[in-house]
Amino acid sequence: MGKTTVSVNLAYSLARRGWRTLLVDTDPQGSVGLSLSEKARKCQGFHDAVNSGVSVLPLILPTRLPELKVLSAGQTQNFFSPLEDSMDGPDALRRIVAELSTQKYDIIMFDTPAGLTGIAGEVLQIADRVLIPQQAEPLGIRSIPQILQAIQYLRNNGAKLEVAGILMTMVQPNQKESAEVVRELRSIIPPQLLCATLIPRDPVFLKASAAGVPLGLLHRQPPAAAHVFDQLAAELEPRLRLKSPDQPNEYTRLMD
Ligand SMILES: Nc1ncnc2c1ncn2[C@@H]1O[C@H](COP(=O)(O)OP(=O)(O)OP(=O)(O)O)[C@@H](O)[C@H]1O
Ligand SMILES: [Mg+2]
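Remember, it's a predicted structure, so these values are computed and weren't measured experimentally. (Residues numbered from 1 in each chain as written. Chains lettered and ligands numbered in written order. Predicted model: local features only at pLDDT ≥ 70, side-chain atom pairs only at ≥ 80, totals over all residues. Heavy atoms only, no water.)

### Points about helix α8 (residues 144-156)
Using the following cut-off: Elements are defined by DSSP. Helices are runs of H or I of four residues or more, strands are runs of E of two residues or more, and each kind is numbered from the N terminus. Helix span is expected to be 1.5 Å times the residue number reduced by one. Working definition: with a 1.4 Å probe on protein chains only, accessible area under 20% of the residue-type maximum means buried, over 50% means exposed, and in between means partly exposed. Each C-beta atom gives one direction from the helix axis, and the arc is the one those directions make.
Its 13 residues give α8 an end-to-end C-alpha distance of 18 Å, which sits within 8% of 18 Å, the value for a rise of 1.5 Å per residue. What α8 keeps buried is the set Ile144, Ile147, Leu148, Ile151 and Leu154. Across the axial projection of α8, the buried residues extend over an arc of 115 degrees, all falling on one side. Away from its buried face by more than 90 degrees, α8 exposes Gln146, Gln149, Tyr153 and Asn156.

This is the structure in structure tokens:
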């Protein structure tokens, strides 16, 4: 829970920090489109390219930020079995990724539907890294060891996939049960897998998705939760091994 929210807000923060970012919505329900733009929801997108073999590049949509582009989910013929209408499954996805990698993106981020099967499983087979958002509730974290096992299975079968991090979302630091879940997760997984950044539960997320904007664009002075994604972006940059040739790691003096 919280995958699309994390994708939209993290992609926005990474782009604000200068990384050329493409956010790809692979959810046949078109949830990125839903949370960003009515127009994006109706456009052709990812699933049209998967199903019909058309080039994906003309389907990429610009955003207000020059560094952030979006590939919306597009239309699936068969809503309930979106993968069955893709004739060649992972091959179609590989073709799309090969096309995208001719473009100058620092990050191509895929928002997937829930679970590890279908399109989500295919994306995991071709991805370099996975960020696993996990709701801070007792039932949720029990699935984490299974997810890690599934990732290990994919790696044993040739996938490059590495875990960029497990990200706790909907955290309520003042609530005993929520804090307990974070503590318990720390005790069952290797500590370096857990992101130090915690995404709080905050009604402002609902407001932002109703308005169709990332938190950072909700007000002239974005709410505190918006800055959590800047923190997450900064935490993930080394883990994603992002390096920009034109941004030497130097400071700029505020005054001469
Ligand atoms: N940290 C949060 N605090 C409060 N509400 C949140 C938070 N994160 C997400 N939400 C709300 O929860 C709902 C579901 O979130 P989201 O769409 O990101 O989940 P998802 O994992 O993508 O779901 P799906 O599996 O359907 O794709 C949305 O209404 C969103 O605004
Ligand atoms: Mg979603």
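Next comes the rest of the description.
### As for the sheet that holds strand β3 (residues 68-71)
How we decide: What makes two strands pair is DSSP finding at least two bridges between them. Working rule for contacts: check all heavy atoms of both residues, and any pair within 4.5 Å makes them a contact. Axis definition: a line fitted to C-alpha atoms, over the contacting stretch in the case of helices. Angles run 0 to 180 degrees between N-to-C directions.
Sheet architecture is open: 4 strands sit in the order β2-β3-β1-β4, paired in mixed fashion. Bordering the open sheet on either side are β2 (61-62) and β4 (107-111), each of which pairs with just one other strand. The pairing of β2 with β3 spans 2 bridges and is classified as antiparallel. Among the inter-strand pairings, proline 62 is bridged to a residue of β3, identified as lysine 69. Relative to the sheet, helix α1 (residues 3-16) contacts β1 (21-25), β3 and β4, its axis offset from that of β4 by approximately 165 degrees.

### Some words on the site of ligand 1
Put simply, the test is: A cutoff of 4 Å decides nearness: a residue is near a molecule or strand if any of its heavy atoms lies inside that distance of it. What qualifies as a polar contact is a pair of N or O atoms within 3.5 Å, subject to a donor-acceptor requirement within protein and to the restriction that residues adjacent in sequence count only when both atoms come from side chains. For accessible areas, the Shrake-Rupley method is used with a probe of radius 1.4 Å. Any residue's cover is judged against the shown protein chains and nothing else. In this analysis, the protein atoms alone were mapped onto a 1 Å grid. Cavities are point sets where a 1.4 Å probe fits without being able to get out; pockets are open sets with protein on both sides within 12 Å along at least five of seven lines; lining residues have an atom within 4 Å of a point. If over half the atoms of a molecule are within 2 Å of the grid points of a cavity or pocket, the molecule is regarded as sitting in it.
The immediate surroundings of ligand 1 are formed by 15 residues, with Gly2, Lys3, Thr4, Thr5 and Pro200 found nearest. Glycine 2 is positioned with one of its backbone polar atoms (N or O) 2.9 Å from an oxygen atom of ligand 1. Within the side chain of threonine 5, a nitrogen or oxygen atom sits 2.5 Å from an oxygen atom of ligand 1. Look at ligand 1: alone it shows 630 Å² of surface, and the protein chains cover 76% of it. Put simply, ligand 1 lies in the second largest pocket.

### Brief notes about the pattern of salt bridges
Two side chains that carry opposite charge are able to pair once their charged atoms sit near each other. Let me state the cut-off plainly: For salt bridges, the criterion is a side-chain nitrogen of Lys or Arg within 4 Å of an Asp or Glu carboxyl oxygen.
Per the counting criterion, the structure on display carries 8 salt bridges. The residue glutamate 99 makes a salt bridge to arginine 95 at a minimum N-O spacing of 3.5 Å. You can see glutamate 99 and its partner arginine 95 sitting in helix α5 (residues 89-100), 4 residues apart, about one turn around the helix. With a relative accessible area of 17%, glutamate 99 lands in the buried category. Salt-bridge contacts for glutamate 162 lead to arginine 241; the nearest nitrogen and oxygen are separated by 2.9 Å. Taken together, the residues glutamate 162 in strand β6 (residues 162-169) and arginine 241 in the segment after α11 (224-239) connect sequence positions 79 residues apart.

### A word on the layout of surface pockets
The test is simple: Grid points are joined across faces, edges and corners, and a volume is the space filled by probe spheres set on the points.
Within this model, the largest pocket holds a volume of roughly 1,200 Å³. Around the largest pocket, the lining is made up of 48 residues, and of these Phe110, Ala127, Arg129, Val130 and Leu131 lie nearest the centre. Contributing elements (two or more residues each) for the lining of the largest pocket: α1, α5, β4, α6 (118-126), β5 (129-135) and α8. Of all the elements, β5 adds the most residues to the lining of the largest pocket, at 7 residues. Empty space within the second largest pocket amounts to approximately 660 Å³. Lining the second largest pocket are 30 residues, with Gly2, Thr4, Thr5, Met170 and Ser209 sitting closest to its centre.

### So, the nonpolar core
Threshold: The term nonpolar core refers to a set of buried residues drawn from Ala, Val, Leu, Ile, Met, Phe, Trp, Tyr and Cys, joined through side-chain atoms within 4.5 Å.
Of all hydrophobic cores here, the largest spans 32 residues; its most connected members are Leu10, Leu14, Leu215, Phe229 and Leu232. Every element with two or more residues in this core is listed here: α1, β3, β4, β6, α10 (204-211) and α11. Here leucine 232 is in contact with Leu10, Leu167, Cys195, Thr197 and Ile199, once residues within four sequence places are set aside.

### Some points on the packing of α1 against α11
Let me state the cut-off plainly: For classification purposes, an angle smaller than 35 degrees is called roughly parallel, one larger than 145 roughly antiparallel, one from 65 to 115 roughly perpendicular, and anything else oblique. Under the scheme applied, nonpolar residues are Ala, Val, Leu, Ile, Met, Phe, Trp, Tyr, Cys and Pro; charged residues are Asp, Glu, Lys and Arg; polar residues are all the others, including Gly.
With their axes 8 Å apart at the nearest point, α1 and α11 run at an angle of 70 degrees to one another. The angle between the axes of α1 and α11 places the two elements in the roughly perpendicular class. On α11, the residues touching Val6, Asn9, Leu10, Ser13 and Leu14 of α1 are Ala226, Phe229, Asp230, Leu232, Ala233, Leu236 and Glu237. The residue makeup of the contact of α1 with α11, split by class, is 8 nonpolar, 2 polar and 2 charged.

### As for the environment of tyrosine 105
Relative to the helices and strands, tyrosine 105 resides in the loop between α5 and β4. For the pair formed by tyrosine 105 and leucine 22, sequence separation is 83 residues and the distance between their alpha carbons is 6.8 Å. Those residues within four positions of tyrosine 105 in sequence are excluded, and the remaining contacts are Arg20, Thr21, Leu22, Ile60, Lys69 and Leu100.

### Things to note about the packing of aromatic side chains
Counted only if it meets this: Side-chain rings of Phe, Tyr and Trp, where Trp is taken by its six-membered ring, are said to pair if the distance between their centres is within 6.5 Å; with planes under 30 degrees apart they count as stacked, over 60 as edge-to-face, and otherwise as tilted.
What the rule picks out here adds up to 1 aromatic pair. On the numbers, 6.1 Å between centres and 75 degrees between planes, the contact of phenylalanine 205 with phenylalanine 229 is edge-to-face. Here the residue phenylalanine 205 occupies a position in helix α10, and phenylalanine 229 occupies one in helix α11, the gap between them amounting to 24 residues. A single burial state applies to phenylalanine 205 and to phenylalanine 229, both of which are buried.

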